[in-house]
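Letter by letter, the chains look like this.
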Amino acid sequence: MATVELRFSALPEHVRTARLVAAAVARRAGVDEAVLDEVRLAVGEACSRAVGLHASNDIAAPVRVLLIEDEKKFSIEVGDGVPGGAGPAGAHAGGEAEGAAESESEGEDEMGLAVISGLVDDVEVTSDESGGVIRMSWPAASAAIVP
Amino acid sequence: MDLSLSTRTVGDRTVVEVGGEIDVYTAPKLREQLIELVNDGSYHLVVDMERVDFLDSTGLGVLVGGLKRVRAHEGSLRLVCNQERILKIFRVTGLTKVFPIHTSVDEAVSATD
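One structure accompanies this document, and this report is about it. (Residues numbered from 1 in each chain as written. Chains lettered and ligands numbered in written order. Predicted model: local features only at pLDDT ≥ 70, side-chain atom pairs only at ≥ 80, totals over all residues. Heavy atoms only, no water.)

Focus on the packing of helix α1 (residues 27–39) of chain B against helix α2 (residues 57–71) of chain B
Residue and element names in this part refer to chain B.
Logical step 1: One way to put it is that α1 packs onto α2 with a least axis distance of 9 Å and a crossing angle of 10 degrees. Put simply, α1 runs roughly parallel to α2. Across the interface between the two elements, Ala 27, Leu 30, Arg 31, Leu 34, Ile 35 and Val 38 of α1 pack against Thr 58, Gly 59, Val 62, Leu 63, Gly 66, Arg 69 and Val 70 of α2.
Logical step 2: Here the residues of the contact of α1 with α2 sort into eight nonpolar, three polar and two charged. (Axes fitted to C-alpha atoms, helices over the stretch in contact; angles between N-to-C directions. Helix = DSSP H or I, 4+ residues; strand = E, 2+ residues; numbered from the N terminus. Parallel < 35°, antiparallel > 145°, perpendicular 65-115°, else oblique. Contact = heavy atoms within 4.5 Å. Nonpolar A, V, L, I, M, F, W, Y, C, P; charged D, E, K, R; others polar.)

Okay, here's the thing in structure tokens:
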């Protein structure tokens, strides 16, 4: 089971909440303070993308965020309910930000993935018949955390 | 935290001071502001991001959209930013090549291509 699981209505105003919760759990898990900004940004990008996918596909289901604390790493999974939505786009998101940026709103989705893949070393984008999932992880030193 | 926006004119430039978080929720507000300025004939914009706490790709998209609009009028859009965590987002997306990024409003206002 995830350490913390968050489900929120696919609305832009809740993405900030997801960022705050993810950063708080990451801090507790022992993720380096210098990396917390990246965690915050990456989870925000993944959630913004999921919110956009739900809106454009008219999906009422909530966006799902799993925050998983392991001994040596902290993982986040952001799941959307759009089959084929995440797809293999993540694989080539890296170098395309400029081109994607040209088309503004349509480009934001690709730019979100570009930001994630530019920031996070360990990232995986998958998709099946139930929807897409972006998995990201960071090293964590779970010892020595004093509340 | 919400987004704060204020504008002022310095010479032939319009300085947009942005504060708070630019994300998927607040970015439309910035987009509207930039569109309004261009519609009102302000084609040389300086976006001061020194008080921005958070910027994501939605915000980047809005800035790129603003750049496209001012360029259609042979204008310019310059950024002011010294915050490493914000600059990093421009770097990972390659947008440092697209936007002139300055260290102060004075420098941005007096800059010419």
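So, helix α2 (residues 36–56) of chain A
Residue and element names in this part refer to chain A.
Logical step 1: Here α2 contains 21 residues, and its C-alpha end-to-end distance of 30 Å stays within 8% of the 30 Å for a straight helix at 1.5 Å per residue.
Logical step 2: Judged by how many residues are buried, α2 sits mostly within the fold: 17 of 21 residues are covered.
Logical step 3: Asp 58 occupies a position one or two residues after α2 and carries a positive phi of about 60 degrees. (Expected span 1.5 Å × (residues − 1). Buried < 20%, exposed > 50% of the residue type's maximum accessible area, 1.4 Å probe, protein only.)

Regarding the side chain of Asp 56 of chain B
Logical step 1: When you line up the elements, Asp 56 of chain B lands in the loop between β3 (44–55) and α2.
Logical step 2: Excluding its chain neighbours within four sequence positions, the residues that come into contact with Asp 56 of chain B are Leu 41, Glu 45 and Ser 48 of chain A together with Ile 22, Asp 23 and Val 24 of chain B.

A short note on α2 of chain B
Residues and elements named next belong to chain B.
Logical step 1: End to end, α2 covers 21 Å across 15 residues, agreeing with the expected 21 Å (1.5 Å per residue, within 8%).
Logical step 2: Those residues of α2 lying buried are Ser 57, Thr 58, Gly 59, Leu 60, Gly 61, Val 62, Leu 63, Val 64, Gly 65, Gly 66, Leu 67 and Val 70.
Logical step 3: Among the residues of α2, the N-terminal cap falls to Asp 56, whose side-chain oxygen and the backbone nitrogen of Thr 58 are separated by 2.9 Å. (Polar contact = N/O pair within 3.5 Å; in protein donor to acceptor, adjacent residues only side chain to side chain.)

Notes on the packing of aromatic side chains
Logical step 1: Scanning the entire structure with this criterion turns up one aromatic pair over all chains.
Logical step 2: Both rings, one in Phe 90 of chain B and one in Phe 99 of chain B, keep their centres 6.0 Å apart while their planes meet at 85 degrees; by these two values the pair is edge-to-face. Comparing Phe 90 of chain B with Phe 99 of chain B shows no difference in burial state: the two are buried.
Logical step 3: Geometry around Phe 54 of chain B places Arg 19 of chain A over its ring, the cationic atom sitting 3.8 Å from the centre. (Phe/Tyr/Trp six-rings, centres within 6.5 Å; stacked < 30°, edge-to-face > 60°. Lys NZ or Arg CZ within 6 Å of the ring centre and 35° of its normal.)

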